[in-house]
Amino acid sequence: MPSKVFAIVVDQRKMVAITVSEGDWHCYLPSEIETIYSQSDNLRTIASRLGITPLLIRKALRLASIDYLRDLYKQYQSGTPCAQLAAENGLTRSTLTKLFKQRGLQVKLGMSRPRFSQYQIAKAAMEHKTINAVARNLKVHWETAKTILKSQKLLTRQSGRYVLVVASDFLNSAHTHLRI
């Protein structure tokens, strides 16, 4: 029999019942679940402690009126990536971002494209003669480097091959442009 989490009322007190296996179930007061939650690092830890899945612990926390999403969002705002938070708490990144959005919380989508000054791009193009070398220097994927070089008109296609075209005056103008 799979585990279940449900709310019950015993002696006019709301309790959270968790069935772990056939005939084996435990009842917890919301205050007891809150204590377990405050003593644990993440949802995965609580789930293993109670012998259920992270999905069921999320349901148990909701039934106990504990706002675990607020705490996860605080960690997200302090710089912890959604993917890391999700992995630590037994969720997928997409589920966590969906839960944040359903709550009306702001989440940045995907990875932002790296930004480089005109000077950095020109310097990398002058020092390195291939797209791969420029990509390694800027620490980006070669396709990203190719896109950046094309946008700065430093890359042209000649007889089926891409060729870097950088004049020394471009580096000087980029440097001058930076200072203005």
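Residues numbered from 1 in each chain as written. Predicted model: local features only at pLDDT ≥ 70, side-chain atom pairs only at ≥ 80, totals over all residues. Heavy atoms only, no water.

**Quick notes on the overall build of the protein**
Part 1 of the argument: Each helix and strand in the protein was counted, giving ten helices and five strands.
Part 2 of the argument: Among the 180 residues that make up the protein, the fraction classed as buried is 34%.
Part 3 of the argument: When contacts within the protein are restricted to residue pairs at least 6 apart in sequence, long-range pairs at least 24 apart make up 45% of them.
Part 4 of the argument: When the accessible surface of the protein is split by element, carbon and sulfur atoms take 51% of a total near 11800 Å². (Helix = DSSP H or I, 4+ residues; strand = E, 2+ residues; numbered from the N terminus. Buried < 20%, exposed > 50% of the residue type's maximum accessible area, 1.4 Å probe, protein only. Contact = heavy atoms within 4.5 Å. Areas by Shrake-Rupley, 256 points an atom, 1.4 Å probe, with all protein chains shown as cover.)

**Digging into the sheet that holds strand E3 (residues 24–28)**
Part 1 of the argument: Taken together, the three strands give an open sheet; going across it, the order is E1-E2-E3, and neighbouring strands pair in antiparallel fashion. The open sheet terminates on both sides in strands that have one partner only, identified here as strand E1 (4–10) and E3. Looking at each pair of strands side by side, their axes are set apart by 30° on average, direction ignored.
Part 2 of the argument: The sheet contact formed by strand E2 (residues 13–21) and E3 spans five bridges and is antiparallel. The residue bridging Val16 from the neighbouring strand is Tyr28, located in E3.
Part 3 of the argument: Set on the sheet, helix H1 (residues 30–39) makes contact with E2 and E3; between it and E3 the angle comes to about 95°.
Part 4 of the argument: Set on the sheet, helix H3 (residues 54–63) makes contact with E1 and E2; between it and E1 the angle comes to about 25°. (Pairing = 2+ DSSP bridges. Axes fitted to C-alpha atoms, helices over the stretch in contact; angles between N-to-C directions.)

**Section: the layout of surface pockets**
Part 1 of the argument: Its volume calculated, the second largest pocket comes out at about 170 Å³.
Part 2 of the argument: If you trace the second largest pocket, you find it lined by Tyr37, Ser40, Asp41, Asn42, Leu43, Ile46, Tyr68, Asp71, Leu72, Gln75, Glu88 and Asn89.
Part 3 of the argument: Residue assignment for the lining of the second largest pocket shows that the elements contributing at least two residues are helix H2 (43–50), helix H4 (68–77) and helix H5 (82–89).
Part 4 of the argument: The element contributing the most residues to the lining of the second largest pocket is H4, with four residues.
Part 5 of the argument: Partitioning the lining of the second largest pocket into residue classes produces five nonpolar, four polar and three charged. (1 Å grid on protein atoms, 1.4 Å probe; cavity = no way out; pocket = protein on both sides within 12 Å on 5 of 7 lines; lining within 4 Å. Points joined across faces, edges and corners; volume = space filled by probe spheres on them. Nonpolar A, V, L, I, M, F, W, Y, C, P; charged D, E, K, R; others polar.)

**Describing the packing of aromatic side chains**
Part 1 of the argument: One pass over the structure, following the stated rule, counts three aromatic pairs.
Part 2 of the argument: Judged by centre distance (5.7 Å) and plane angle (40°), the rings of Tyr73 and Tyr76 are tilted. Pair noted here: Tyr73 and Tyr76 are both in helix H4, with a separation of three residues, about one helical turn. For the pair Tyr73 and Tyr76, one class covers both residues: buried.
Part 3 of the argument: On the numbers, 5.1 Å between centres and 80° between planes, the contact of Tyr73 with Phe100 is edge-to-face. Linking Tyr73 in helix H4 with Phe100 in helix H6 (residues 93–102), this pair joins segments that are 27 residues apart in sequence. Taken individually, Tyr73 and Phe100 each receive the classification buried, so the pair is uniform in this respect. (Phe/Tyr/Trp six-rings, centres within 6.5 Å; stacked < 30°, edge-to-face > 60°.)

**Here we look at helix H7 (residues 118–127)**
Part 1 of the argument: Inspection of H7 places Ile121, Ala122, Ala124 and Ala125 among the buried residues, and these make up the whole buried set. End-on view of H7: buried residues confined to an arc of 165°, all on one side of the axis. (Arc of directions from axis to C-beta.)

**Some remarks on the pairing of strand E4 (residues 155–158)**
Part 1 of the argument: Sheet topology places E4 next to strand E5 (residues 161–164); four bridges connect them, and they run antiparallel. Note on E5: the bridge partner recorded for Leu155 is Leu164.
Part 2 of the argument: Where E4 hands over to E5, the hairpin turn is made up of two residues, of which Ser159 adopts a positive phi near 45°.

**Let's talk about the side chain of Arg58**
Part 1 of the argument: Structurally, the position occupied by Arg58 is in helix H3.
Part 2 of the argument: Asp67 provides the closest opposite charge to the buried, unpaired Arg58, separated from it by 11 Å.
Part 3 of the argument: If sequence neighbours within four positions are ignored, Arg58 has contacts with Leu43, Tyr68, Gly90, Leu91, Thr95 and Leu99. (Lys, Arg positive; Asp, Glu negative; His and termini not counted. Salt bridge = Lys/Arg side-chain N within 4 Å of Asp/Glu carboxyl O.)

**Focus: the packing of H4 against H5**
Part 1 of the argument: Interaxial distance between H4 and H5 falls to 9 Å at its minimum, and their mutual angle equals 140°. Taken together, the axes of H4 and H5 are oblique relative to one another. Handedness of the H4/H5 crossing: right-handed. Contacts from Leu72, Gln75 and Tyr76 of H4 reach H5 at Cys82, Leu85 and Asn89.
Part 2 of the argument: For the contact of H4 with H5, the per-class residue count stands at four nonpolar, two polar and no charged. (Parallel < 35°, antiparallel > 145°, perpendicular 65-115°, else oblique. Left-handed = near helix turned anticlockwise from the far one by under 90°.)

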